[in-house]
Amino acid sequence: MSLAGVSCLVTGAGGFLGQRIVRLLLEEEEALAEIRLLDKAFSSEALRRFGKVQGKTEVKILEGDIRDVSLLHRACQGVSLVIHTASIIDTLGLVEKQLLWEVNVTGTQLLLDVCVRCNVQHFIYTSTIEVTGPNCRGDPIFSGDEDTAYESISKSPYAQTKRLAEDSVLKADGQMLKDGGMLMTCALRSMYIFGEGCPFLQGHLDKCLLNKNVYLRFSRKEALVNPVYVGNIAWAHVQAAKALQVPQKAKHIRGQFYYISDDTPHMSYADLNYELTRELGFGIEPRLPMPLTMLYYFSLLLEIMSFLLRPFVRYIPSTNRQLVTLLNTPFTFSYRKAQKDFGYVPRYTWEEAKQCTGQWMASMVPQRREYLKSKAA
Ligand SMILES: NC(=O)c1ccc[n+]([C@@H]2O[C@H](COP(=O)([O-])OP(=O)(O)OC[C@H]3O[C@@H](n4cnc5c(N)ncnc54)[C@H](O)[C@@H]3O)[C@@H](O)[C@H]2O)c1
């Protein structure tokens, strides 16, 4: 299986995952013809990194908004594969709902429409485990798969937008293209992603440094999850893209969603932070700041305050019930179906993932300390 000669568009290419997908595409032995990178903004660091690995593949940067249809036209004209990772991630409710909706849902629908008009054959959507759950009751799942029945009732606006976007993507499978061909789509439901450059890890590191080098325990030890390393979820996109080129394989993949995890040991989100930087000698608080039920009602109280203050001031609490449930519900998934249908196996072992991520976090410590000091001054 190869992507030799393929022209591909990656949206969200300047983001944490997007950058890693682009890097893997550029490293492919049998070079792609062209990769177009679309994002609302690219850091100079990201552009420098792309320059470093650029080989025979032509790289085109398209800076702009996913809601701009004329930009989407330019981006899709002449490509046969779209990897759509661009999205706003918002677990706290910091972003206005309308914007979240426009980018995550409308943006995806606009992109699908343009793909049909521009005869794009293959479309891979980066979805999230949050479209499955956990639900508000916090029902656990252990080693679930695509057939696991689960009552998904999430109130998180982000999860709702991702679900709607995923639905549009999977429904678009089989649509007739303008040239008489057919659009084939699939969605990869990623676990929480960790790795070098992960903005969430940086946030946790900051809080740890402010807490005298002790990680806050925001999830109980028993809340086992299986996050995925950024290199592995990126690799899953590449593997799915390759398999879609082969009609015999594509017929199993199209219209399907897949859970993508790897061999990261099952542990709570808080324990993952600790594990990744164990060698730096940081500690972790042994218990949640208060019993789970109390934490839940405390979050409810903050939500009520936020609601009551709304006419006067926009107050976004640092936690909410949905987040408390997300962080404290056992929720693990296997990648068996992705392995069976498109040959996905993690490219990096847990040891490699831990080492690379840990080194990156260690390299961040001095500058984060400086930054936090200057902020406090
Ligand atoms: N990070 C995680 O733990 C995680 C877990 C599961 C799924 N995902 C999914 O993976 C994808 C990538 O996430 P990430 O962690 O790399 O986040 P990220 O924020 O680093 O990347 C998203 C990119 O989308 C771009 N973007 C946002 N709005 C845009 C717009 N209007 N027009 C064009 N580009 C826009 C951003 O600039 C950013 O570069 C997302 O679809 C997310 O839902 C992430």
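Residues numbered from 1 in each chain as written. Predicted model: local features only at pLDDT ≥ 70, side-chain atom pairs only at ≥ 80, totals over all residues. Heavy atoms only, no water.

With an unreviewed UniProt entry as reference, the protein is termed 3 beta-hydroxysteroid dehydrogenase/Delta 5-->4-isomerase-like, source organism Athene cunicularia. Recorded under Sequence similarities (unreviewed entry), the UniProt text for the protein is reproduced unchanged: "Belongs to the 3-beta-HSD family." (UniProt positions renumbered as here; feature names shortened; annotations may be inferred.)

Which parts of the structure should I look at to understand the UniProt feature "transmembrane region" (unreviewed entry) in the protein?
Here, UniProt's "transmembrane region" (unreviewed entry) annotation points to residues 294-313. End C-alpha atoms of residues 294-313 are separated by 26 Å, and the span's content is 80% helix alongside 0% strand. (Helix = DSSP H or I, 4+ residues; strand = E, 2+ residues; numbered from the N terminus.)

What is the right way to read the side chain of Asp 173 from this model?
Its location among the elements puts Asp 173 in the loop between helix 5 (157-171) and strand 7 (184-190). Classification of Asp 173 as buried rests on a relative accessible area of 15%. Looking at Asp 173, its side chain comes within polar contact range of the main-chain nitrogen of Thr 185, at 2.9 Å. Setting aside anything within four residues of it in sequence, one finds Asp 173 in contact with Leu 183, Met 184, Thr 185, Arg 254 and Gly 255. (Buried < 20%, exposed > 50% of the residue type's maximum accessible area, 1.4 Å probe, protein only. Polar contact = N/O pair within 3.5 Å; in protein donor to acceptor, adjacent residues only side chain to side chain. Contact = heavy atoms within 4.5 Å.)

Mind showing me how you'd approach the nonpolar core here?
The nonpolar side chains of a soluble globular protein tend to be buried, and buried together. Formed by 111 residues in total, the largest nonpolar core has its most connected members in Leu 25 and Phe 342. It is helix 7 (residues 230-244) that provides the largest number of residues to this core, a total of 10 residues. Once residues within four sequence positions are removed from consideration, Phe 342 is found in contact with Met 1, Leu 188, Ala 236, Gln 239, Ala 240, Ala 243, Ile 253, Tyr 258 and Ile 260. (Core = buried A, V, L, I, M, F, W, Y, C linked by side-chain atoms within 4.5 Å.)

Explain the packing of aromatic side chains here, please?
Counted according to the given criterion, the structure contains 13 aromatic pairs. Between Tyr 150 and Phe 331 the ring centres are 5.5 Å apart and the planes differ by 65°, which places this aromatic pair in the edge-to-face class. Here Tyr 150 is found in the loop between strand 6 (141-144) and helix 5, whereas its partner Phe 331 is found in strand 13 (residues 331-333), with 181 residues between them in sequence. Exposure class is identical for Tyr 150 and Phe 331. Each is buried. Feature note: the residues Tyr 150, Phe 257, Tyr 259, Phe 331 and Phe 333 constitute an aromatic cluster, connected by ring pairs. Cation over ring: Arg 189 sits above Phe 257, and NZ or CZ is 3.6 Å from the ring centre. Here the basic side chain of Lys 337 rests over the ring of Tyr 258, its NZ or CZ set 4.8 Å away from the ring centre. (Phe/Tyr/Trp six-rings, centres within 6.5 Å; stacked < 30°, edge-to-face > 60°. Lys NZ or Arg CZ within 6 Å of the ring centre and 35° of its normal.)

Sorry, what's going on with the site of the ligand here?
Near the ligand lie 25 residues; those nearest to it are Leu 17, Asp 39, Thr 85, Tyr 158 and Lys 162. Here an oxygen atom of the ligand sits 2.8 Å away from a polar atom, N or O, in the main chain of Leu 17. Here an oxygen atom of the ligand and a backbone polar atom of Ile 193 are 2.9 Å apart. Contact with the protein chains covers 90% of the free accessible surface of the ligand, which is 810 Å². Those elements that provide at least two residues to the shell around the ligand are helix 1 (16-27), strand 5 (122-128) and helix 5. If one sorts the elements of the shell around the ligand by residue count, strand 5 sits on top with 3 residues. Across the shell around the ligand, the residue classes tally to 11 nonpolar, 10 polar and 4 charged. (Near = heavy atom within 4 Å. Areas by Shrake-Rupley, 256 points an atom, 1.4 Å probe, with all protein chains shown as cover. Nonpolar A, V, L, I, M, F, W, Y, C, P; charged D, E, K, R; others polar.)

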